[in-house]
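Geometric and topological summary
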Amino acid sequence: MNETVKSSILKVITPGDKILVVLILALGIISLIALNHVRQPGESVIIEVNGQVVQQLDLNTSQEVTVNGSIGKIVIKIDQGTARVIHSDCPEKICVKTGKIHRVGEMIVCVPNKVVVKINGKRNNQFDVITQ
Amino acid sequence: MENETINSMSSPNNKKYSLSNSKLVRLSLLIALGLILFLFESFIPRPLPWLKPGLAHIATLIAIIMMGMREAIIVVVIRVLVGSLLLGSLFNPAFVLSFGGGVTATLVMALTHRYFSRTFSIFGISILGAVVHNLTQLLLVQILIVHRIEIFYLAPFMILSSLFTGFIVGLLSFLLIQKIQLVSIPR
C-alpha cells in the first residue's frame, strides 16, 4: 500500500470511528468476561480418539483414565469437577500444558495422538447447520 | 443524460421510483460484484464455520454510498436470492441467516450513512454493519435452529472478529470507490 493511499485512509477515519472501535472492543471483552463467569460447569467428559468417542465419564467422579492414542498412551485425570491430561507420549505436550478444563464446551486437543477431551453439559449441543 | 442521472439521485424521496438506464446498469454491476464475492467466499475454507469476512457487503457498501438506501436493499436482496439459488441453499436455514443478517446490516449501515455520515466514515459504517450482521445471525440461529441460550457464548468472539472483518470490508470498499470515482466519497 503506498503512502498516498495510507494518508487518504487516515484522513477519512473520523473520531467517531475510533470511539466506535473502542466501544465495540470494550463490549466484546466485557461480554467475554461476563459470559465466562456465567458459563455452566460441565457434567461429563468425552474422550475421542481419531474422531471416535471411546469413553464418556462423569466429571464428578475422581479417577485416572489411560487411553491409547495414535502414537502412544495418554493419561487423563478427572478430579473435583475438572479434567486434565497429566501424561502423554506426544513430543510437544501441548495437551498437558493446556491444564484443567471444567466448563461446557472447553476441550483439550492432542494433535499427534489424535485425542480430544471435551466437557459436555446435560445435553449435546452440536451445531447442525453451517452458515453461508 | 448526466443531468437526468444526477436528478434521480438527488431526489430519492420521489414518490415514483424511476429506474434510468445508467442506474439499472450500476445496480446490475453491484449485484454481480456482490454475487461473485458471495460465491467466492463460500468456497474458501474457514477455520470456524461462523468466521466469514463478509466480502459481499463490499457491494452493499458501495451501493449505500454511491447510490442510496433503496438501491442497497435491492442489491442485497437480489444477491442473497440468486446466490442461495446458485449454492442450492434457497429457503433453507442458511438462506434465512444470510437474508436476515444481510438485510438488517444493510438497513443499519444505510441509516447510519444517511443520518450520521459526519460522525462515521465508511470504516465505522462497515464495522457497525459487520457487528449487526453477526449478532442478527446469532439471534436467528437461536430462534430458528438451536433454541439454546448457550449459542450466545459465541457472541463475544463474533463481536471481536467483526471489528477485524468490518475494517477489511470497509478498506476494500474505500479503495474500490476511490478507483470507481463516480461520486466523491462523503466523509
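Heads up: the structure comes first, above all this text.
Description of the structure in this document. This is a predicted model, so every value here is computed, not measured. For every chain, the first residue of the written sequence is number 1, and numbering continues from 1 along that sequence. Going through the entries in the order they are written, you letter the chains from A and number the ligands from 1. Reporting of local features is limited, given that this is a predicted model, to residues whose pLDDT is at least 70; pairs of side-chain atoms are given and counted only at 80 or more, and all residues count toward the totals for whole chains, interfaces and linings.

Brief notes about the overall build of chain A
Strands here mean DSSP runs of E at least two residues long; helices mean DSSP runs of H or I at least four residues long; both are numbered from the N terminus. Counting its secondary structure elements, chain A contains three helices and seven strands. Reading chain A from its N terminus to its C terminus gives the helix and strand order α-α-β-β-β-β-β-α-β-β. Comment: burial labels come from other C-beta atoms within 10 Å of the residue's own C-beta, placed from the backbone, where a count of 20 or more is buried, 12 or fewer is exposed, and between is partly exposed. When burial is assessed residue by residue, chain A has 20% of its 132 residues classed as buried. Here the analysis covers contacts within chain A between residues at least 6 apart in sequence; of these, 37% occur between residues at least 24 apart. Working definition of a contact: two residues with C-beta atoms, positioned from the backbone, lying within 7 Å.

Regarding the nonpolar core
Each nonpolar core consists of buried Ala, Val, Leu, Ile, Met, Phe, Trp, Tyr and Cys residues. Their C-beta atoms, within 7 Å, join them into a set. Ranked by internal contacts, the top residues of the largest apolar core, which has 44 residues, are Ile58(B), Ala59(B), Leu61(B), Ile62(B) and Ala63(B). Among the elements of the structure, α2 (15-38) of chain A together with α2 (21-43), α3 (57-66), α4 (69-87), α5 (93-116), α6 (122-146) and α7 (155-180) of chain B are those that each provide at least two residues to this core. If one sorts the elements of this core by residue count, α6(B) sits on top with 10 residues. Counting 17 residues, the second-largest nonpolar core is a separate cluster that includes Ile76(A), Ile78(A), Ile101(A) and Val117(A).

Remarks on the sheet that holds strand β7 (residues 115-120) of chain A
All names here are of chain A. Strand order in the open sheet formed by four strands is β2-β1-β7-β6, with antiparallel pairing between adjacent strands. Two strands lie at the open edges of the sheet, namely β2 (52-58) and β6 (107-110), each paired on one side alone. When strand polarity is set aside, the average angle formed by the axes of neighbouring strands in this sheet is 15 degrees. At least two DSSP bridges between two strands are required for those strands to pair. Pairing of strand β1 (residues 44-49) with β2 involves six bridges; the strand directions are antiparallel. Counterpart to Val49 in the pairing with β2 is Gln52. Whenever a helix is involved, its axis is fitted only over the stretch in contact; in every case the axis is a line through C-alpha atoms, and angles between N-to-C directions fall within 0 to 180 degrees.

A few points about the pairing of strand β5 (residues 82-88) of chain A
Residues and elements named next belong to chain A. For strand β4 (residues 73-79) and β5, the ladder comprises six bridges, and the chain directions are antiparallel. Looking across to β5, one finds that Lys77 is bridged to Arg84. Taken together, β4 and the strand that follows it, β5, pair antiparallel across an intervening segment of two residues, in which Gln80 is found at a positive phi of about 50 degrees.

A few points about the packing of α3(B) against α7(B)
Residues and elements named next belong to chain B. Where α3 contacts α7, the axes come no closer than 9 Å and their chain directions differ by 55 degrees. By the angle between their axes, α3 is oblique relative to α7. The hand of the α3/α7 crossing is right-handed. Along the contact surface, α3 presents His57, Ile58, Leu61, Ile62, Ile65 and Met66, while α7 presents Val169, Leu172, Ser173, Leu176 and Ile177. With respect to orientation, any angle under 35 degrees is reported as roughly parallel, any angle over 145 as roughly antiparallel, any angle of 65 to 115 as roughly perpendicular, and every other angle as oblique. The sense of a crossing depends on the near helix, which, turned anticlockwise from the far helix by less than a right angle, makes the crossing left-handed and, turned clockwise, makes it right-handed.

Side note on the pairing of β6(A)
Residues and elements named next belong to chain A. Of the two faces of β6, the one holding Ile108 and Cys110 is buried and the one holding Met107 and Val109 is not buried anywhere. Taken together, the four bridges between β6 and β7 define a ladder with antiparallel strand orientation. Residue pairing in the sheet places Met107 in a bridge with Lys118 of β7. Once β6 ends, the chain turns through four residues before running back antiparallel as β7, passing Lys114 with a positive phi of about 55 degrees.

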